[in-house]
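# Summary of structural features
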Amino acid sequence: MHGTFGPAVQIDPAILYFGTPVVLIGSTNDDSSHNLAPMSSAWWVGWRCMLGLARNSKTTENMIRTGECVLNLPSADLVAAVDRLARTTGSNPVPAGKLYRGYRHEKDKFELSGLTALASETVSAPRVAECPVQMEAKVAYVHEMAQDDAVWRGNLAAIEVRITRVHAHPDIMMSGAPNRIDPDKWRPLILSFQEFYGLTPQRLQSSELGQIPEPMYRPPGWQPAL
């Protein structure tokens, strides 16, 4: 695609969701029931993850109150189950902003989606059995976003979590490497500007960074903290 585009023009998009993997966040409600919420503003460095969430969402409330969650990563073939959770919220009453966009309250997100809750090992929040990757996590920091913006101030949070346990389905693991997920087998569900996509099954080309042995990214002596 090099050199095929003309000059860029200035635009004013309402959102900047260029495309990231969908995450189904499992959390625990204040009555000990399960909550499950799809989101796609997440990124990872090492065994830490940053989650961009609405400050008044049920998931945010649950995570701050309990200090934990599970990050379940659906594969592309779970798109229908994920879409059934769209425009639903565990909050009752529904926050005004979500009500404006057509959201409705749903108490049992697992039943609605047809997905199966699994017990976790290091947190009380639920895993999703059908998701090929399930990461148990504990809240490290809550960063209040947009403090310099009078409109957005108090409405957004970036929650840093540390991963305490990773579960992955054997079908996506690299042959002969028990701790490595094979990117040729892993087909995450991607959300780009509100639409669902999957990755193509072939790599575009060999990656120079891919020549670095993955264990070299692990700091010497580091172990995940519970």
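Here's what I pulled together on the structure shown here. (Residues numbered from 1 in each chain as written. Predicted model: local features only at pLDDT ≥ 70, side-chain atom pairs only at ≥ 80, totals over all residues. Heavy atoms only, no water.)

Another aspect to go through is the sheet that holds strand β6 (residues 68-73). What the seven strands build is an open sheet, ordered β3-β2-β6-β11-β12-β5-β4; its pairing is antiparallel. Each end of this open sheet is capped by a strand with a single partner; those strands are β3 (34-39) and β4 (42-45). Here the average twist between neighbouring strands, direction ignored, is 30°. Across three bridges, the pairing between strand β2 (residues 23-28) and β6 is antiparallel. Opposite leucine 24, over in β6, you have asparagine 72 as the bridge partner. Against the sheet, helix α1 (residues 58-66) touches β2, β3, β5 (48-54), β6, β11 (133-144) and β12 (156-168), its axis set at about 55° to β2. (Pairing = 2+ DSSP bridges. Helix = DSSP H or I, 4+ residues; strand = E, 2+ residues; numbered from the N terminus. Axes fitted to C-alpha atoms, helices over the stretch in contact; angles between N-to-C directions. Contact = heavy atoms within 4.5 Å.)

Let us look at the packing of aromatic side chains. Evaluated as defined, the whole model comprises one aromatic pair. With centroids separated by 5.1 Å and ring planes inclined at 80°, the aromatic side chains of phenylalanine 18 and phenylalanine 193 adopt a geometry described as edge-to-face. Separated by 175 residues along the polypeptide, phenylalanine 18 in the segment before β1 (20-21) and phenylalanine 193 in the loop between β13 (189-192) and β14 (195-198) bring together distant segments of the chain. What makes phenylalanine 18 exposed here is its relative accessible area of 61%. With a relative accessible area of 34%, phenylalanine 193 lands in the partly exposed category. (Phe/Tyr/Trp six-rings, centres within 6.5 Å; stacked < 30°, edge-to-face > 60°. Buried < 20%, exposed > 50% of the residue type's maximum accessible area, 1.4 Å probe, protein only.)

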